[in-house]
Amino acid sequence: ERRRQKLRSVLLRELSEIVRRDINMPEDAFVTLRDVQLSKDGSKATVFVSSLREEDALRAVEILNRSAGYIHHLLGKRLKLRVVPRPSFVPLPED
């Protein structure tokens, strides 16, 4: 469980860096990757996205999911893992 927790925090950090540096996001959309949930086998990562404006979060989720293959490729280059989780992005549910 500790290993999974560490992997989740590393994934969140690396994904945030990739989104900031390598993904073309709209200038006015300030989005944050908030959490990562891993599937049991570690092959899939659900990434929760939030923003001050809900429409920004929805727009970001659309862009990120279109770029998911590229993001997965970049993750694979950055992480030394046997199985690199394939990310899918969802809006963080509002409380």
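Before reading further, recall that the structure is shown in the block above.
A brief look at the structure comes next. All figures in this text were calculated on a predicted structure; none of them were measured in a lab.

1. Some words on the pattern of salt bridges
- Per the stated rule, a full pass over the model turns up nine salt bridges.
- A salt bridge links Arg66 to Glu62; its shortest N-O distance comes to 3.3 Å. Of the two residues, Arg66 and Glu62 both sit in helix H2 (residues 54–66), four residues apart, roughly one turn of that helix.
- The class for Arg66 is exposed, based on a relative accessible area of 62%.

2. Thoughts on helix H1 (residues 2–22)
- Taking 1.5 Å as the rise per residue, H1 with 21 residues should run 30 Å; its terminal C-alpha atoms sit 29 Å apart, in good agreement.
- Burial in H1 covers these residues: Leu7, Arg8, Val10, Leu11, Leu12, Glu14, Leu15, Ile18 and Val19.
- Along its buried surface, H1 packs onto strand E1 (31–38), strand E2 (44–51), H2 and helix H3 (68–78).

3. Remarks on the environment of Arg20
- In this fold, Arg20 is placed in helix H1.
- Along the chain, Arg20 and Val31 lie 11 residues apart, while their C-alpha atoms are 9.7 Å from each other.
- Only 3.0 Å separates the side chain of Arg20 from the side chain of Glu17, close enough to count as a polar contact.

4. Looking at H3
- Within the sequence span of H3, burial applies to Ala68, Ile71, His72, Leu74 and Leu75. When H3 is viewed along its axis, its buried side chains cluster within an angular range of 165° and face the same direction.
- Contacts made by the buried residues of H3 are with H1, H2 and strand E3 (86–91).

5. Concerning the sheet that holds E3
- Here we have three strands laid out as an open sheet, ordered E1-E2-E3, and mixed in their pairing. Either end of the sheet is taken by a strand with one partner, and the two such strands are E1 and E3. When strand polarity is set aside, the average angle formed by the axes of neighbouring strands in this sheet is 30°.
- The pairing of E1 with E2 spans seven bridges and is antiparallel. Bridge pairing in E2 links Gln37 to Thr46.

What counts as what
Residues numbered from 1 in each chain as written. Predicted model: local features only at pLDDT ≥ 70, side-chain atom pairs only at ≥ 80, totals over all residues. Heavy atoms only, no water. Salt bridge = Lys/Arg side-chain N within 4 Å of Asp/Glu carboxyl O. Helix = DSSP H or I, 4+ residues; strand = E, 2+ residues; numbered from the N terminus. Buried < 20%, exposed > 50% of the residue type's maximum accessible area, 1.4 Å probe, protein only. Expected span 1.5 Å × (residues − 1). Contact = heavy atoms within 4.5 Å. Polar contact = N/O pair within 3.5 Å; in protein donor to acceptor, adjacent residues only side chain to side chain. Arc of directions from axis to C-beta. Pairing = 2+ DSSP bridges. Axes fitted to C-alpha atoms, helices over the stretch in contact; angles between N-to-C directions.

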